[in-house]
Amino acid sequence: MSALNRVPSLLTRAGTASALTIAAVGGSIVVPGAASGAEAATVASKALKVAASKKGSPYKYGAVGPGRFDCSGLTLYSFKKAGKKLPRTAQQQYNKTKHISAGSRKLGDLVFFHSGSNVYHVGIYAGKGKLWHSPKTGDVVRLQKIWTKNVWYGRVR
């Protein structure tokens, strides 16, 4: 569809003079508050923001929010708020994700801590070697440096 065919809808969004000028030169109009497909937040980035918003929430074994979390409860809650369903435990979440290398990790990917083949902890990758997670009893949801090389990464599909 050409820009001229869109003029009526553009006129209501941007004003007559600017819409016609932009349409005449084949440009596009930026509408405040409207995100293009490329700018729209991904599920992973939304989940990362949700996890960060829970900073300071107390750890509680078996808790899935909204006020208390265990590690997999935080990831489950964060991705659910972003529109994706995850299984309950860290191991089940690992089994459900697309496994990726450390070099391929992106913001919002899951970070799985393991001993041998046993996954025992999970968090959400926040960039620069850090993750958001709910660490342990007596602690709170927080941003922390990944402290071991015994991690795997998974991408939620």
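What you are looking at is a predicted structure, and each value in this text was computed from that prediction instead of being measured.

J.: Looking at this structure, I do not really get the overall build of the protein. What am I missing?
T.: Within the protein one finds 5 helices and 6 strands. Reading the protein from its N end, one meets helices and strands in the order α-α-α-α-α-β-β-β-β-β-β. The buried share among the 157 residues of the protein stands at 38%. Sequence separation of 24 or more characterises 49% of the internal contacts of the protein that already satisfy a separation of 6 or more.

J.: Help me out: how do you make sense of the sheet that holds strand E5 (residues 142-145) in this one?
T.: Strands in a sheet are paired, the pairing made by backbone hydrogen bonds, and the direction either parallel or antiparallel. The sheet built from 6 strands is open, its strands ordered E1-E6-E2-E3-E4-E5 with antiparallel pairing. Lying at the two open borders of the sheet, with one neighbouring strand each, are strand E1 (98-100) and E5. The sheet shows a mean angle of 45 degrees between the axes of neighbouring strands, direction not considered. In this structure, strand E3 (residues 118-127) lies alongside strand E4 (residues 130-133), joined through 3 bridges in antiparallel fashion. Bridging from a neighbouring strand, Ile-124 pairs with Trp-132 of E4. On top of the sheet, helix H3 (residues 43-53) reaches E3 and E4; it is set at about 100 degrees to E3, its chief contact. Seen against the sheet, helix H4 (residues 71-81) touches strand E2 (110-115), E3 and E4 and runs at an angle of roughly 45 degrees to E3.

J.: Looking at this structure, how should I read the confidence of the model for the protein?
T.: As a general rule, the predicted coordinates of low-pLDDT regions are not to be interpreted in detail. Looking at the protein, pLDDT values average 83 and 74% of them are 70 or higher. This model gives residues 1-40 a pLDDT under 50, and the stretch forms 24 contacts once residues within four places in sequence are excluded.

J.: Would you mind going over the pattern of salt bridges with me for this structure?
T.: Side chains that carry opposite charge are capable of pairing whenever their charged atoms lie near each other. Scanning the entire structure with this criterion turns up 3 salt bridges. One salt bridge connects Arg-88 with Asp-70, and the closest N-O pair in it is separated by 2.8 Å. One end of the pair, Arg-88, is in the loop between H4 and helix H5 (90-96); the other, Asp-70, is in the loop between H3 and H4, with 18 residues separating them in the sequence. In this structure, the salt-bridge partner of Asp-109 is Arg-155, at a minimum N-O distance of 2.8 Å. Linking Asp-109 in the loop between E1 and E2 with Arg-155 in strand E6 (residues 151-155), this pair joins segments that are 46 residues apart in sequence.

J.: Would you take a moment to explain unusual backbone geometry for this structure?
T.: Backbone geometry follows two general trends: most residues other than glycine have a negative phi, and most peptide bonds adopt the trans configuration. At the junction of Gly-65 and Pro-66, the peptide bond is cis and its omega measures out at 10 degrees in the coordinates. Within the secondary structure layout, Pro-66 lies in the loop between H3 and H4. If you check the backbone angles, Lys-128 has positive phi at about 55 degrees while not being a glycine. With respect to the helices, strands and loops of the structure, Lys-128 is situated in the loop between E3 and E4.

J.: Honestly, the packing of aromatic side chains in this entry has me stumped. Any pointers?
T.: Two numbers describe a pair of aromatic rings. These are the distance of the centres and the angle of the planes. By the definition in use, this model includes 5 aromatic pairs. Taking 6.1 Å as the distance between ring centres and 85 degrees as the angle between the ring planes, the aromatic pair formed by Tyr-125 and Tyr-153 counts as edge-to-face. Here Tyr-153 lies in strand E6 and Tyr-125 lies in strand E3, a separation of 28 residues in the sequence. Like Tyr-153, Tyr-125 is buried. Taken together through their ring pairs, the aromatic side chains of Tyr-94, Phe-112 and Trp-152 make up a single cluster.

Thresholds, definitions, all that
Residues numbered from 1 in each chain as written. Predicted model: local features only at pLDDT ≥ 70, side-chain atom pairs only at ≥ 80, totals over all residues. Heavy atoms only, no water. Helix = DSSP H or I, 4+ residues; strand = E, 2+ residues; numbered from the N terminus. Buried < 20%, exposed > 50% of the residue type's maximum accessible area, 1.4 Å probe, protein only. Contact = heavy atoms within 4.5 Å. Pairing = 2+ DSSP bridges. Axes fitted to C-alpha atoms, helices over the stretch in contact; angles between N-to-C directions. pLDDT = per-residue confidence, 0-100. Salt bridge = Lys/Arg side-chain N within 4 Å of Asp/Glu carboxyl O. Phe/Tyr/Trp six-rings, centres within 6.5 Å; stacked < 30°, edge-to-face > 60°.

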